[in-house]
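Observations on the model geometry
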Amino acid sequence: MMKNPKYIVFGVITFVIIFLMNYLGSDTPDKMYRAVLTASVSAVCLIIGLWIYSKRNPNDERNNFD
């Protein structure tokens, strides 16, 4: 599906940042579960968004703002 390893690197960096933000900033008893769940969903959505963005046609005149 993805031939470019940049997507995986961006996903891992996103996961780590979102996880640390949620884990260190939470006082709830289930902070590990919430941090992992939120970070996982964020990383997956970022990878899907980058994949969709990379599949667009570069010659499409509707998206050419220059």
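Read on for a plain summary of the structure. Owing to the predicted nature of the structure, the values given are computational and were not obtained by experimental measurement. (Residues numbered from 1 in each chain as written. Predicted model: local features only at pLDDT ≥ 70, side-chain atom pairs only at ≥ 80, totals over all residues. Heavy atoms only, no water.)

As for the overall build of the chain
The line we're drawing: Strands are runs of DSSP state E lasting at least 2 residues, helices are runs of H or I lasting at least 4, and numbering of each runs from the N terminus. Categorising residues by exposure relies on relative accessible area from a 1.4 Å probe, with only protein chains included: less than 20% of the type maximum marks a residue as buried, more than 50% marks it as exposed, and the intermediate range marks it as partly exposed. By the convention used here, residues are in contact when the closest approach between their heavy atoms is within 4.5 Å. All accessible-area figures derive from a Shrake-Rupley calculation using a 1.4 Å probe, and residue coverage is judged against the displayed protein chains alone.
Secondary structure summary: the chain contains 2 helices and 0 strands in total. Within the chain, the fraction of its 66 residues that count as buried is 15%. The contacts of the chain with a sequence gap of at least 6 include a subset with a gap of at least 24, amounting to 58%. In the structure as shown, the chain presents an accessible area of about 5500 Å², 65% of it carried by carbon and sulfur atoms.

Focus: the packing of helix α1 (residues 6–24) against helix α2 (residues 31–54)
Relative placement of two packed helices is described by the angle separating their axes and the distance separating the axes. Using the following cut-off: Note on geometry: axes are C-alpha line fits, over the in-contact stretch for helices, and angles between N-to-C directions span 0 to 180 degrees. Oblique is the label for any angle not under 35 degrees, not over 145, and not in the 65 to 115 range, which are roughly parallel, roughly antiparallel and roughly perpendicular in turn. Crossings are assigned a handedness: left-handed for a near helix turned anticlockwise from the far helix by less than a right angle, right-handed for a clockwise turn. Under the scheme applied, nonpolar residues are Ala, Val, Leu, Ile, Met, Phe, Trp, Tyr, Cys and Pro; charged residues are Asp, Glu, Lys and Arg; polar residues are all the others, including Gly.
Relative to each other, α1 and α2 sit at 150 degrees, their axes nearing to 8 Å. By the angle between their directions, the pair α1 and α2 is classed as roughly antiparallel. The chirality of how α1 crosses α2 is right-handed. Of the residues contributing to the contact of α1 with α2, the split by class is 14 nonpolar, 7 polar and 1 charged.

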